[in-house]
Amino acid sequence: MIEHLDNGDLVGIVAEPIETQAVVRQLVRECAGAVVTFEGVVRDNLHGRRTRHLDYEAYIPMAVKMLRRVAAEAHVKFPDIDRVALIHRIGRLHVSETSVLVVVTAAHRAVAFDACRFGIDRIKATVPIWKHEYFEDGDVWVEGVRPSLP
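Note that the structure is predicted; figures quoted are calculated from it, not measured.

Which residues make up the overall build of the protein chain, and what are the values?
When its secondary structure is counted, the protein chain shows three helices and ten strands. When the helices and strands of the protein chain are read in sequence order from the N terminus, they spell out β-β-α-β-β-β-α-β-β-β-α-β-β. For 150 residues, the compact-globule formula gives about 15 Å, and the C-alpha radius of gyration of the protein chain, at 15 Å, lands near that figure. For the protein chain, the spread of C-alpha atoms along the three principal axes comes to 50 × 30 × 30 Å. When burial is assessed residue by residue, the protein chain has 47% of its 150 residues classed as buried. For the protein chain, the distance from the average position of its 19 positive side-chain charges to the average position of its 21 negative side-chain charges is 3 Å.

Quick rundown of the sheet that holds strand β2 (residues 10–14)? Include the residues and the values.
One open sheet accounts for five strands, arranged β1-β2-β6-β8-β3; its pairing is mixed. The outermost strands of the open sheet, each flanked by one partner alone, are β1 (2–4) and β3 (34–41). Taking each pair of neighbouring strands and ignoring which way they run, the sheet shows an average axis angle of 10°. Running at roughly 150° to strand β6 (residues 81–89), helix α1 (residues 20–27) makes contact with β1, β2, β3, β6 and β8 (98–106) of the sheet. Lying on the sheet, helix α2 (residues 60–77) is in contact with β1, β2 and β6; it crosses β6 at an angle near 155°.

Definitions and cut-offs
Think of each chain on its own: its residues are numbered from 1, step by step along the sequence as written. In keeping with the predicted nature of the model, local features appear solely for residues at pLDDT of at least 70, side-chain atom pairs appear and are counted solely at 80 or more, and the whole-chain, interface and lining totals rest on all residues. Computation of side-chain values: all heavy atoms of the structure, hydrogens and water removed. Helix and strand assignments come from DSSP, with helices taken as H or I runs of at least 4 residues and strands as E runs of at least 2, each series counted from the N terminus. A radius of gyration in this sense is built from C-alpha atoms; the matching globule rule multiplies 2.2 Å by the number of residues raised to 0.38. Relative accessibility under 20% of the residue-type maximum defines a buried residue, over 50% an exposed one, and the middle range a partly exposed one, all with a 1.4 Å probe and only protein chains included. The positive count covers Lys and Arg only, the negative count covers Asp and Glu only, and His and the chain ends enter neither. To locate a charge, take NZ of a lysine, CZ of an arginine, CG of an aspartate or CD of a glutamate. Think of it this way: DSSP has to see at least two bridges between two strands before they count as a pair. In this description, a line fitted to the C-alpha atoms serves as the axis of each element, helices being fitted only across the stretch in contact, and the angle between N-to-C directions of two axes falls anywhere from 0 to 180 degrees. The contact rule is simple, with two residues in contact once any of their heavy atoms fall within 4.5 Å.

Printed below as a string of structure tokens:
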């Protein structure tokens, strides 16, 4: 379910496909001159092993709480942004499906790009979501790599 925050931001953990353009339409206002989106998609391999599909799991109440926190952090770190959307999908995903969406709107592109990268890096570092990757020759729980943040 996608939660609409008081400031117009959107956060959520969803089981259905993420509709990027629908999310963007909900965020954009007349003050926005830039919309930056990042979509994490399921790739067809990990370290040379061919991927069949992924299963994402989350501790949903904590994941949503942390997504709210990441959105708030983005506004503090980048006060010139307007709105943010942070949405992660759970359940079974196949190659080329979107697993995570970060959208940032702002008057100008530079801050929107910076805040978008910050958003995905913070999601990866702090939000309790786990990935189980299934290959043609077995499966593995994938541990996230904590990015170095400024």
